[in-house]
Amino acid sequence: MTTPTDYVPPAVWTWNAPNGGQFASINRPTAGATHDQELPVGQHPLQLYSLATPNGVKVTVMLEELLAMGHRGAEYDAWLIRISEGDQFGSGFVAVNPNSKIPALLDRSADVPQRVFESGNILLYLATKFNALLPKDPAARTEALSWLFWQMGSAPYLGGGFGHFYAYAPAKFEYPIDRFTMETKRQLDVLDRRLAQCRYLGGDDYSIADIAVWPWYGALVLGHLYNAAEFLQVQTYANVQRWAQDIASRPAVRRGRMVNRNWGPVEEQLHERHDAQDFDTRTQDKLSPAAG
């Protein structure tokens, strides 16, 4: 194995910005707002501030699934947070999520608005609020929640580890790519073995566990993430493939993937979502350049 560097860490680390890489301009070792910027507020009680990354897609899929089930209270305004431009460091966003990460949800249906951050917690909050997409049976509920929290603990290896070093790092080094590829394939094997036993991660029923895991691992095996499908030999995970394709075919999932997306085919980009009709009238292919 090649040795990438003879770097020896100093006794005390200091920040020398920028440190390279695609996201160097927004990475920093301190928290808090960098500028004053209030968040917009729409007409619905649920206000979502997000971007269509895998973590953002979890929440928009959840909301679209709830609406498809007839939960009118799940109507929402989705506002685009351009993380590459530092919107997440504005004072309004930091007030909703002090960790400055998308997605962030503000529920204004109560007398005192409730902020909800961390994508897994948003899914659990909405499932509890609408009594949906989470099994009522205690054993099945516990199984689904185990897989929800499995995703929350595992995805940093996929995104922050494999995705960073394979796709985004300014230079390619064998050791980190090999290390995180090994872990990513192990996680895919975990999923494949589970999905050999049942249709969905929690059992027979679709739940927030699937909604949490699919935007990461489903997108990966369908070739939508990091351009790494061939490298990881994703076709060998037949049960994950079946599950990923099953979920991808759901109309609410197709809609959820479009919300707050500002890259890819213009007909799949809905920068902001304020009404169900926006999918038919407000995608980027239907707007003039000035309106987008």
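Here the structure is a predicted model, which is why all the values come from computation and not from measurement. (Residues numbered from 1 in each chain as written. Predicted model: local features only at pLDDT ≥ 70, side-chain atom pairs only at ≥ 80, totals over all residues. Heavy atoms only, no water.)

Engineer: Help me get a handle on the overall build of the protein, residues and values and all.
Structural biologist: Each helix and strand counted, the protein has 10 helices and four strands in total. Mapped from its N terminus to its C terminus, the protein presents α and β elements in the order β-α-β-α-β-β-α-α-α-α-α-α-α-α. Considering only C-alpha atoms, the protein reaches an extent of 60 × 50 × 40 Å along its principal axes. For the protein, buried positions account for 47% of its 292 residues. In the protein, of all internal contacts separated by at least 6 residues, the share reaching a separation of at least 24 is 65%. Averaged over its 26 positive side-chain charges, the protein has a centre that lies 2 Å from the centre of its 31 negative ones. (Helix = DSSP H or I, 4+ residues; strand = E, 2+ residues; numbered from the N terminus. Buried < 20%, exposed > 50% of the residue type's maximum accessible area, 1.4 Å probe, protein only. Contact = heavy atoms within 4.5 Å. Lys, Arg positive; Asp, Glu negative; His and termini not counted. Charge placed at Lys NZ, Arg CZ, Asp CG, Glu CD.)

Engineer: Provide a residue-level description of the sheet that holds strand β1 (residues 46-50), including the pertinent values.
Structural biologist: Taken in spatial order, the four strands line up as β2-β1-β3-β4 in an open sheet, and their pairing is mixed. The outermost strands of the open sheet, each flanked by one partner alone, are β2 (76-80) and β4 (114-117). Mean inter-strand twist for the sheet, computed between neighbouring axes without regard to direction, equals 20°. Bridge count between β1 and strand β3 (residues 104-107): four bridges; the pairing is antiparallel. Note on β3: the bridge partner recorded for Tyr49 is Ala104. Those strands touched by helix α1 (residues 54-68) are β1 and β2, and its axis lies near 150° from that of β1. Relative to the sheet, helix α3 (residues 119-130) contacts β1, β3 and β4, its axis offset from that of β4 by approximately 130°. (Pairing = 2+ DSSP bridges. Axes fitted to C-alpha atoms, helices over the stretch in contact; angles between N-to-C directions.)

Engineer: Break down the packing of aromatic side chains for me, with residues and values.
Structural biologist: A full pass over the atoms with the stated rule returns 10 aromatic pairs. Look at Trp150 and Tyr217: their rings are 5.3 Å apart centre to centre, the planes differ by 40°, and that puts the pair in the tilted class. Here Tyr217 lies in helix α6 (residues 208-221) and Trp150 lies in helix α4 (residues 138-168), a separation of 67 residues in the sequence. In textbook terms, an aromatic cluster arises when at least three aromatic residues are bridged by ring pairs, as seen for Phe162, Tyr166, Tyr168, Tyr226 and Phe231. Looking at Lys129, its charged tip hangs above the ring of Phe130, at a distance of 5.8 Å from the centre. Over the ring of Tyr206 we find Arg250, and its NZ or CZ is 3.8 Å from the ring centre. (Phe/Tyr/Trp six-rings, centres within 6.5 Å; stacked < 30°, edge-to-face > 60°. Lys NZ or Arg CZ within 6 Å of the ring centre and 35° of its normal.)

Engineer: Give me the lowdown on the side chain of Glu64, citing residues and values where you can.
Structural biologist: Among the structural elements, Glu64 can be located in helix α1. Glu64 gets classed as buried once you look at its relative accessible area, which sits at 3%. Contacts of Glu64, omitting those with residues within four sequence positions, involve Tyr76, Ala252, Arg255, Gly256, Arg273 and Phe279.

Engineer: Provide a residue-level description of the pairing of β4, including the pertinent values.
Structural biologist: Alignment of β3 against β4, held across four bridges, turns out to be antiparallel. Looking at the pairing, Asp107 lines up with Gln114 of β4. Count of turn residues in the β3/β4 antiparallel hairpin: six residues.

Engineer: Pulling in residues and values, what's your account of the environment of Glu143?
Structural biologist: With respect to the element layout, Glu143 can be found in helix α4. For Glu143, a relative accessible area of 29% puts it in the partly exposed group. Every residue in contact with Glu143, bar those within four places of it in the chain, is listed here: Arg194, Leu201 and Gly202.

Engineer: Describe the packing of α4 against helix α5 (residues 174-195), with residues and values.
Structural biologist: Contact pair α4 / α5: the axes reach a minimum separation of 9 Å and the direction vectors enclose 155°. It follows that α4 is roughly antiparallel to α5 by the angle criterion. When the axes of α4 and α5 are compared, the crossing they make is left-handed. Along its contact with α4, which presents Glu143, Trp147, Trp150, Ser154, Tyr157, Leu158, Gly161, Phe162, Phe165 and Tyr166, the element α5 presents Pro176, Ile177, Arg179, Phe180, Thr181, Glu183, Thr184, Gln187, Val190, Leu191 and Arg194. (Parallel < 35°, antiparallel > 145°, perpendicular 65-115°, else oblique. Left-handed = near helix turned anticlockwise from the far one by under 90°.)

Engineer: I'd like to hear about the pairing of β2, residue by residue, with values.
Structural biologist: In terms of burial, β2 is largely enclosed, as five of its five residues are buried. Here β2 shows a buried face lined by Tyr76, Ala78 and Leu80 and a second buried face lined by Asp77 and Trp79. Inspection of the sheet shows β1 paired to β2 by five bridges, in the parallel sense. What sits directly across from Gln47, in β2, is Asp77. Once the chain exits β1 it traverses α1 before rejoining the sheet at β2, and the crossover so formed is right-handed. (Right-handed = clockwise from strand over helix to strand, strands pointing away.)

Engineer: A description of the environment of Arg194 should follow, citing residues and the corresponding values.
Structural biologist: Considering the arrangement of structural elements, one finds Arg194 in helix α5. Along the sequence, Arg194 and Tyr166 sit 28 residues apart, while their C-alpha atoms lie 27 Å from each other. Residues within four places of Arg194 in sequence aside, it is in contact with Glu143, Trp147, Tyr200, Leu201, Gly202 and Gly203.

Engineer: Report on α1, specifying residues and quantitative values.
Structural biologist: For α1, which comprises 15 residues, the first-to-last C-alpha distance of 21 Å matches the rise-based estimate of 21 Å (1.5 Å per residue) to within 8%. For α1, the tally of buried residues reaches 13 of 15 residues, placing the bulk of the element in the interior. Looking at the residues trailing α1, positive phi occurs at Gly70, about 100°. (Expected span 1.5 Å × (residues − 1).)

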